[in-house]
Amino acid sequence: MENPEKYLVTAGGRITCLRCTAMSKHTRLQCAKPALNISRTQKCGHHGGKSSGPKTAEGKARIGAAHLVHGNETNARRLERSEGSLRMAQLEDIMHAVGMTSAVRTTGRKPAGYRPIQTLEEAKAWVLEDALQLDKGLPEGK
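Residues numbered from 1 in each chain as written. Predicted model: local features only at pLDDT ≥ 70, side-chain atom pairs only at ≥ 80, totals over all residues. Heavy atoms only, no water.

Asks: For this particular structure, what's the right way to read the overall build of the protein?
Replies: Along the protein, the regular secondary structure elements total three helices and two strands. Reading the protein from its N terminus to its C terminus gives the helix and strand order β-β-α-α-α. Expressed as a percentage of its 142 residues, the buried residues of the protein come to 19%. Within the protein, counting contacts between residues at least 6 apart in sequence, those at least 24 apart form 25% of the total. Roughly 11400 Å² of accessible area belongs to the protein as shown, and the carbon and sulfur atoms make up 56% of that amount. (Helix = DSSP H or I, 4+ residues; strand = E, 2+ residues; numbered from the N terminus. Buried < 20%, exposed > 50% of the residue type's maximum accessible area, 1.4 Å probe, protein only. Contact = heavy atoms within 4.5 Å. Areas by Shrake-Rupley, 256 points an atom, 1.4 Å probe, with all protein chains shown as cover.)

Asks: Just checking my understanding: could you explain the packing of aromatic side chains for this structure?
Replies: Any pair of aromatic rings gets described here by the distance separating the centres and the angle formed by the planes. With the rule as written, the count across this model stands at zero aromatic pairs. Sitting over the ring of Tyr114, Lys110 keeps its end group 5.4 Å from the ring centre. (Phe/Tyr/Trp six-rings, centres within 6.5 Å; stacked < 30°, edge-to-face > 60°. Lys NZ or Arg CZ within 6 Å of the ring centre and 35° of its normal.)

Asks: Help me understand unusual backbone geometry in this model?
Replies: Apart from glycine, the bulk of residues carry a negative phi angle, and the bulk of peptide bonds sit in the trans form. Phi at Ala11 is positive, roughly 55°, even though this residue is not glycine. Along the polypeptide, Ala11 turns up in the loop between β1 (7–10) and β2 (15–18). One non-glycine residue, Arg28, adopts positive backbone phi at about 60°. Looking at the element boundaries, Arg28 is found in the loop between β2 and α1 (57–66). Among the residues examined, Arg28 registers a relative accessible area of 45% and is labelled partly exposed.

Asks: In this structure, what is going on with a nonpolar patch on the surface? I would like to understand it.
Replies: A contiguous nonpolar patch, built from Met95, Val98, Met100 and Leu120 and spanning about 370 Å² of accessible area, is present on the exposed surface. Within the secondary structure, Met100 is located in the loop between α2 (75–98) and α3 (120–137). (Patch = residues over 30% accessible without salt bridge, like charges linked within 9 Å, V, L, I, M, F, W, Y side chains within 5 Å. Salt bridge = Lys/Arg side-chain N within 4 Å of Asp/Glu carboxyl O.)

Asks: Would you mind showing me how to read the confidence of the model for the protein here?
Replies: Interpretation of this model should avoid reading the predicted coordinates in detail wherever pLDDT is low. Taken residue by residue, the protein gives an average pLDDT of 82. The fraction at 70 or more is 89%. Averaged over each element, pLDDT in the protein is lowest for β1 (81) and highest for α2 (89). (pLDDT = per-residue confidence, 0-100.)

Asks: Whenever I open this one, the pairing of β1 confuses me. Can you help?
Replies: Remember that side chains alternate between the two faces of the sheet whenever the strand is regular. Relative to β2, β1 is paired through four bridges, and the arrangement is antiparallel. Among the inter-strand pairings, Val9 is bridged to a residue of β2, identified as Thr16. Where β1 folds back onto β2 in an antiparallel hairpin, the turn is made up of four residues, including Ala11, whose phi is positive at roughly 55°. (Pairing = 2+ DSSP bridges.)

This is the structure we're talking about:
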C-alpha cells in the first residue's frame, strides 16, 4: 500500500479519527488503530505515538549513555569483558615471546587498546605495568 489511509471510521460509522500510519514490514498493510491526538507522527500508542523523545541536553545524554544495541548487558559489563579480552591477547603474546607455546595464535579482531608484545623486554614491561594496575585496583590495607 503506497498511500496510507488518512482517516479511520469506528463505532459503526459514528466516529471518524486519524489512522495510524505505521506499515507492516511483512504484509505491507497499514496499522488499523487510531492515531493519538498528541502524536506528531500520526502513530498509535503501540507504534510510538506517545513518545516524543528527550528534549533537554541532560536527557539526551542520559539516553545516549544508557542505549545498548542488544540490551543483554550494561556498558560496564562490556568494558569489563573488553579489558579481559585485551589481557588474554597480551598474555598470549607473552607466551609466544617467552617460548611457552608454539600453538597457532587466536584469529580475529584484536580488542581495543591492543598493542603487540614481541620481545622479552616488552613482556617484562607489560608484566610490571599490569602488576601496578592490579595494585591500584585493590582496596587499601591489602
